[in-house]
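What follows is the residue order along each chain.
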Amino acid sequence: MSDDISDDDCDPDSPGFEDDLLMNQSCDDVSAQLAASGPVGVAAAAAIASGKKRKRPHSFETNPSIRKRHQTRLLRKLKNTIEEYSTRVGQQAIVLVCNPGKPNPVFKIFGASPLENVLRSLRSVVIQELEQALAQHAPLPLADDPSLHELPPLVLDGIPTPVDKMTQAQLRAFIPMMLKYSTGRGKPGWGRAPTRPVWWPDDLPWANVRSDVRTEEEKQRVPWTQALRTIVKNCYKHHGREDLLIEFKDDASDRTQQQHQQQQHQQQQTLVPTSGQQVQVTYAHPTMVQTINNPDGTVSIIQVKVLVSPSELGVSSVMHDSLTLSTLQGQCAL
């Protein structure tokens, strides 16, 4: 019996490993955008490509909130798995989660000692070697176009994030920085009419975005998170930087699938009758056969065929049953 995990699948030095990594990054939209966003994105793209090489039925979660929940859940699962493996198998094993990024790279490790302590002491070496390896896969940076207005890329924690996936807290922190690039001023100048950008939505007050100062009626009409997303989109569109408004292809396909499911749900709802309508429904049941032992030693075979047809659904239910009984008398030795 062969193991489920072969040596070739886990060996980065195996033939074709690096080629597949680069090929996946170039043909996959999500991986390409991740790789172009910096060292953290390159690390994410390489991890995604490694998983695809091993044909795992998973995909990168573009929603940062959902991705954070997956991270917490899977890390807990990995910790329990590695502890069980070390106990049951009796081998030194660890789980290492490492992600480059300055000034605070991610380095989490847990597992069996002393291997955990050995790897922890090599933290700086591991991070340095990882950064050098990822630099070999990073795409060439694009030349800056001086004719385009400079705006900050939509990158959160090193990962490109669509505006529609950004949380309210992320938007509140991002908009003041965006205003610096847009207006060229160090401070937004909240509340002063001369400092209000021309692209600022007319139905939103020119006030600090950290709090929603709109009326209760306005709050009911447009959620604050949606209003903040509109502010960001207006800014980028005004400066002609729609190219920075990230949208992954899988997001568009998800929306198409959701619309298709909604259409199917609506079609199913049209089949449900409203009050006063009459629907003829016939339920066909299979024929049932039952044997009965009679006191005189004979056996009666009863064949029951039931046809149920409610004539009115929702108003009254009239059950019309037709029973066909066939009794066969026969001698039976008891």
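Residues numbered from 1 in each chain as written. Predicted model: local features only at pLDDT ≥ 70, side-chain atom pairs only at ≥ 80, totals over all residues. Heavy atoms only, no water.

Okay, the overall build of the protein chain next. Looking only at helices and strands, the protein chain features 11 helices and eight strands. Burial statistics for the protein chain: of 334 residues in total, 27% are counted as buried. Long-range contacts, defined as pairs at least 24 residues apart, comprise 52% of the intrachain contacts of the protein chain with a sequence gap of at least 6. Surface exposure of the protein chain reaches about 22700 Å², of which carbon and sulfur atoms provide 53%. (Helix = DSSP H or I, 4+ residues; strand = E, 2+ residues; numbered from the N terminus. Buried < 20%, exposed > 50% of the residue type's maximum accessible area, 1.4 Å probe, protein only. Contact = heavy atoms within 4.5 Å. Areas by Shrake-Rupley, 256 points an atom, 1.4 Å probe, with all protein chains shown as cover.)

Examined against the element boundaries, Arg229 turns out to sit in helix H10 (residues 224-238). Buried within the structure, Arg229 lacks any salt-bridge partner; its nearest side chain of opposite charge belongs to Asp164, at an N-O separation of 4.8 Å. Reaching out from Arg229, the side chain makes a polar contact with the backbone oxygen of Asp164 at a distance of 3.2 Å. Setting aside chain neighbours within four positions, we find Arg229 in contact with Val163, Asp164, Lys165, Met166 and Leu171. (Lys, Arg positive; Asp, Glu negative; His and termini not counted. Salt bridge = Lys/Arg side-chain N within 4 Å of Asp/Glu carboxyl O. Polar contact = N/O pair within 3.5 Å; in protein donor to acceptor, adjacent residues only side chain to side chain.)

Take the nonpolar core next. Nonpolar side chains in soluble globular proteins generally cluster together in the buried interior. Counting residues in each nonpolar core, the largest one holds 38 residues, and the members touching the most others are Met178, Ile231, Val232 and Tyr236. Looking at this core, the elements with two or more residues in it are helix H3 (29-35), helix H4 (39-53), helix H8 (168-183) and H10. Setting aside residues up to four positions removed in sequence, Val232 forms contacts with Leu154, Val163, Leu171, Phe174, Ile175 and Met178. Leu75, Ile82, Val95 and Phe110 belong to the second-largest nonpolar core, a separate cluster that totals five residues. (Core = buried A, V, L, I, M, F, W, Y, C linked by side-chain atoms within 4.5 Å.)

With that settled, consider unusual backbone geometry. Residue Pro114 is reached from Ser113 by a cis peptide bond, and omega for that bond is 10 degrees. With respect to the helices and strands, Pro114 occurs in the loop between strand S2 (106-111) and helix H6 (115-121). The backbone phi angle of Asp157 is positive, close to 55 degrees, even though this residue is not glycine. Tracing the backbone through its elements, the reader meets Asp157 in the loop between strand S3 (155-156) and strand S4 (159-160).

Time to look at the pattern of salt bridges. Using the criterion set out here, one finds seven salt bridges in the structure. Two residues, Lys79 and Glu83, come together in a salt bridge whose shortest N-O distance is 2.7 Å. Linking Lys79 with Glu83, this pair stays in helix H5 (residues 64-89), spanning four residues, or about one helical turn. You can call Lys79 partly exposed: its relative accessible area is 37%.

Tallied over the entire structure, the rule returns four aromatic pairs. Ring centres of Trp199 and Trp200 lie 5.9 Å apart, and the angle between their planes is 45 degrees; this geometry places the pair in the tilted category. The buried category is assigned to Trp199, whose relative accessible area is 8%. The interplanar angle of 85 degrees and the centroid separation of 4.8 Å between the aromatic rings of Trp200 and Trp206 together place this pair among those described as edge-to-face. Here Trp200 and Trp206 have matching classes, each one buried. Aromatic ring contacts, followed pair by pair, group Trp190, Trp199, Trp200 and Trp206 into a single cluster. (Phe/Tyr/Trp six-rings, centres within 6.5 Å; stacked < 30°, edge-to-face > 60°.)

Let's shift gears to the confidence of the model for the protein chain. Summary statistics for the protein chain give a mean pLDDT of 75 and a share of 66% for residues scoring 70 or more. Ignoring residues within four places in sequence, the model shows residues 6-27, a span with pLDDT below 50, making 30 contacts including any to other chains. (pLDDT = per-residue confidence, 0-100.)

What follows is about the environment of Gly41. Assignment of secondary structure puts Gly41 in helix H4. With relative accessibility at 0%, the residue Gly41 sits in the buried group. Measuring from C-alpha to C-alpha, the distance between Gly41 and Gly101 comes to 9.8 Å, with 60 residues separating the pair along the chain. Filtering out sequence-adjacent residues up to four positions away, Gly41 remains in contact with Leu34, Ala35, Gly158 and Ile159.

Taken together, the side chains of Val118, Leu122 and Val125 define a hydrophobic patch exposed on the protein surface, amounting to about 220 Å² of accessible area. Note on placement: Leu122 falls in the loop between H6 and helix H7 (123-135). Under the relative-accessibility criterion, Leu122 is labelled partly exposed at 38%. (Patch = residues over 30% accessible without salt bridge, like charges linked within 9 Å, V, L, I, M, F, W, Y side chains within 5 Å.)

Next up on the list: the environment of Ile48. Tracing the backbone through its elements, the reader meets Ile48 in helix H4. Its relative accessible area of 17% is what places Ile48 among the buried residues. Put simply, Ile48 and Ser31 are 17 residues apart on the chain and 7.3 Å apart in space, counted from C-alpha to C-alpha. Ignoring anything within four residues of it in the chain, the contact list for Ile48 reads Ser31, Leu34 and Phe60.

Turning our attention to H10. In a regular helix each residue adds 1.5 Å, so 15 residues correspond to 21 Å; H10 covers 21 Å between its end C-alpha atoms and thus fits that length. Along H10, the residues classified as buried are Trp224, Thr225, Ala227, Leu228, Arg229, Ile231, Val232, Cys235 and Tyr236. At its buried positions, H10 is contacted by H8. Immediately beyond the C-terminal end of H10, within one or two residues, lies Gly240, with a positive phi of roughly 70 degrees. (Expected span 1.5 Å × (residues − 1).)

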